[in-house]
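# Understanding the architecture of this molecule
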Protein chains: 2
Amino acid sequence: VAGGQRDAEKSPQHSKTNRSHRLTVSYLGTGFSGLQIQPGKRTVQGELEKALQQIWGFRISAQPSGRTDTGVHALAQIVSFDAPPKHSAAVLVRALNHNLPHDVRILNARLTAKPFHARFDAKGKTYEYRVLNRPVADPFLLDRALHMPRPLDVTAMRKAARLLVGKHDFASFTSNPGYERETTVRTIRRLSIVQRGPLLVFTVSADGFLYRMVRNIVGALLKIGRGHLDQDGFKKAFHARRRSAAPETAPAHGLYLKQVRY
Amino acid sequence: VAGGQRDAEKSPQHSKTNRSHRLTVSYLGTGFSGLQIQPGKRTVQGELEKALQQIWGFRISAQPSGRTDTGVHALAQIVSFDAPPKHSAAVLVRALNHNLPHDVRILNARLTAKPFHARFDAKGKTYEYRVLNRPVADPFLLDRALHMPRPLDVTAMRKAARLLVGKHDFASFTSNPGYERETTVRTIRRLSIVQRGPLLVFTVSADGFLYRMVRNIVGALLKIGRGHLDQDGFKKAFHARRRSAAPETAPAHGLYLKQVRY
């Protein structure tokens, strides 16, 4: 989707002496002001670039597959950067983890033969949204799942979810009306809702996601699950292609970036 | 085991107008200076007694099935107290959770017909110890599992574990030599080591536990798993009945109180 932007935003560091590095990064979003670097804030990108600078001795810009908001977690975010080869992948994993705080870990590193850009080369992503659906909260899921104490109608949520699978205009489910894109059309390949004990796990795979698309979809589905929105109302909100027509956004702390496809 | 102490330590609050209350409590141990109340420290018992006082309007002493150290977690700790009946069990759960911090939750409450004491009436307990056994740590298991980056010999640990099952003198596995008990004999009913992906879960059930017994047993088994202690050395340490003969204690943050049997 964003492939056309590639040439314009291509890293100036890419040259014949540089190699593309690809990192798989996991982080607990709770302690970060999101992923994207911001002055004076603790961010995942900020911590990563500090660790890279400690290893290479100069500033290196690390490009994630996409931003995640404050409180959103990542099981396997992909981050790329271009730099002169310095360590093998295995040594680089250890060196980076040694220099990083414990709430962010490099799971894997790869030096790629061809130039690689985590964002522009991404073909699709999978997110997971976790809801604890039982009367009492779980101290072990604090900041890690949305707590919904009343029983949810899973069948009704699954029925509405089926409407979203495929290629559609998801304008009703993006929170950023000022964000001018060529298109708000995306293709959802899969949207499943699985019960694991008291945990309800929403899994959404798409070729690309609009800003807050998963949290907006989950917010609408949960409204159906609570019995506060029916199938017709959901359909109307979806087809209105206006954010204001759709229910509220689900909170950040239930969301996990699970996989990026290349 | 501690049944003989019952009459001497019986709660002075127990009377005809009082009822015994039994709470199932889950807590994330990370933010607490252990379970037992201590002046000026944040403890689970301290928070519970504050919540009880807010509901009843006077100080109520809450008795856990046993103490847990700083950093140790509970999936289902049992706590009892005697007080005049004020709320139904369901209302009490909600009222307590409303007054408690989010890292401790009341999962269940019961008003018992017969006097009930969480410690003296306990017939046995089950603890779980979680080890993450893979090269890279997991930000989601920070403070929730012991990270052991090198591969462990699970077969050797299981072989040694079998030696401990049954009725034995566990003096080598208690950290408190000054703690004068009639006996250091306990009966381990079960000691299993199960692999769940990269997670190694030790489960220990016994009629009673000596101070730090699970962490000391796991510490010794992990030394075998790392190849730093053989079966003979383990046997000798166990039969020496001296703490100084056995390997070091495993850290608190991998330990979970899982169940108390009555």
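Reading guide: rules and limits
- Residues numbered from 1 in each chain as written.
- Chains lettered and ligands numbered in written order.
- Predicted model: local features only at pLDDT ≥ 70, side-chain atom pairs only at ≥ 80, totals over all residues.
- Heavy atoms only, no water.
- Helix = DSSP H or I, 4+ residues; strand = E, 2+ residues; numbered from the N terminus.
- Rg over C-alpha atoms; globule rule 2.2 N^0.38 Å.
- Buried < 20%, exposed > 50% of the residue type's maximum accessible area, 1.4 Å probe, protein only.
- Pairing = 2+ DSSP bridges.
- Least-squares fit on C-alpha atoms with pLDDT ≥ 70 in both.
- Contact = heavy atoms within 4.5 Å.
- Salt bridge = Lys/Arg side-chain N within 4 Å of Asp/Glu carboxyl O.

### Concerning the overall build of chain A
- Of the regular secondary structure elements, chain A holds 6 helices and 10 strands.
- The C-alpha atoms of chain A give a radius of gyration of 19 Å, which matches the 18 Å a tight globule of 262 residues would have.
- In terms of its C-alpha atoms, chain A occupies a principal-axis envelope of roughly 60 × 45 × 30 Å.
- Per-residue burial over chain A gives 52% buried out of 262 residues.

### So, the pairing of strand β1 (residues 19–27) of chain B
All names here are of chain B.
- Burial within β1 is extensive, with 8 of its 9 residues counted as buried.
- In this sheet, strand β4 (residues 104–112) lies alongside β1 in antiparallel orientation, the contact comprising 8 bridges. Each residue of the ladder has a partner; that of His 21, found in β4, is Leu 111.

### Remarks on the relation of the copies chain A and chain B
- Superposing chain A onto chain B takes a rotation of 180 degrees plus a shift of 0.0 Å along the axis, which leaves an RMSD of 0.0 Å. Overall, the copies show the geometry of a two-fold rotation axis. Considering only C-alpha atoms, the residue of chain A closest to the rotation axis is Phe140(A), which sits at 5.1 Å.
- In this assembly, 100% of the residues forming the interface of chain A have copies in chain B that are likewise at the interface, indicating an isologous arrangement.

### Topic: the pairing of strand β10 (residues 255–261) of chain B
All names here are of chain B.
- Bridge count between strand β3 (residues 73–83) and β10: 2 bridges; the pairing is parallel. Paired with Ala 74 across the two strands is Leu 257, which belongs to β10.
- Across 6 bridges, the pairing between strand β5 (residues 124–132) and β10 is antiparallel. Directly across from Lys 125, in β10, lies its bridge partner Val 260.

### Some details on unusual backbone geometry
- Positioned with a positive phi, Arg212(A) is a non-glycine residue whose angle comes to about 65 degrees.
- Secondary-structure assignment places Arg212(A) in the loop between β9 (199–206) and α5 (213–225).

### Remarks on the environment of Phe116(A)
Residues and elements named next belong to chain A.
- Topologically, Phe 116 is positioned in the loop between β4 (104–112) and β5 (124–132).
- Put simply, Phe 116 and Gln 259 are 143 residues apart on the chain and 17 Å apart in space, counted from C-alpha to C-alpha.
- Once residues lying within four places of it in the same chain are set aside, the contact partners of Phe 116 are Ser 20, Arg 22, Ile 78, Ser 80, Asp 82, Asp 121 and Tyr 262.

### What about the pattern of salt bridges?
- All told, the structure shown has 16 salt bridges over all chains when counted by the stated rule.
- The salt bridge involving Arg215(A) is made with Asp69(A); its shortest N-O contact spans 3.2 Å. Taken together, the positions of Arg215(A) in helix α5 and Asp69(A) in the loop between β2 (63–64) and β3 (73–83) put the pair 146 residues apart, joining distant regions of the chain. Per residue, the accessibility class of Arg215(A) equals that of Asp69(A), and both read buried.
- With its nearest N and O atoms 3.8 Å apart, the salt bridge here joins Asp169(B) to Arg241(B). Here the residue Asp169(B) occupies a position in strand β7 (residues 166–169), and Arg241(B) occupies one in the loop between α6 (231–240) and β10, the gap between them amounting to 72 residues.
- Since its relative accessible area comes to 52%, Arg241(B) is described here as exposed.
- In the salt-bridge network here, residues are joined through shared partners; they are Asp69(A), Arg212(A) and Arg215(A).

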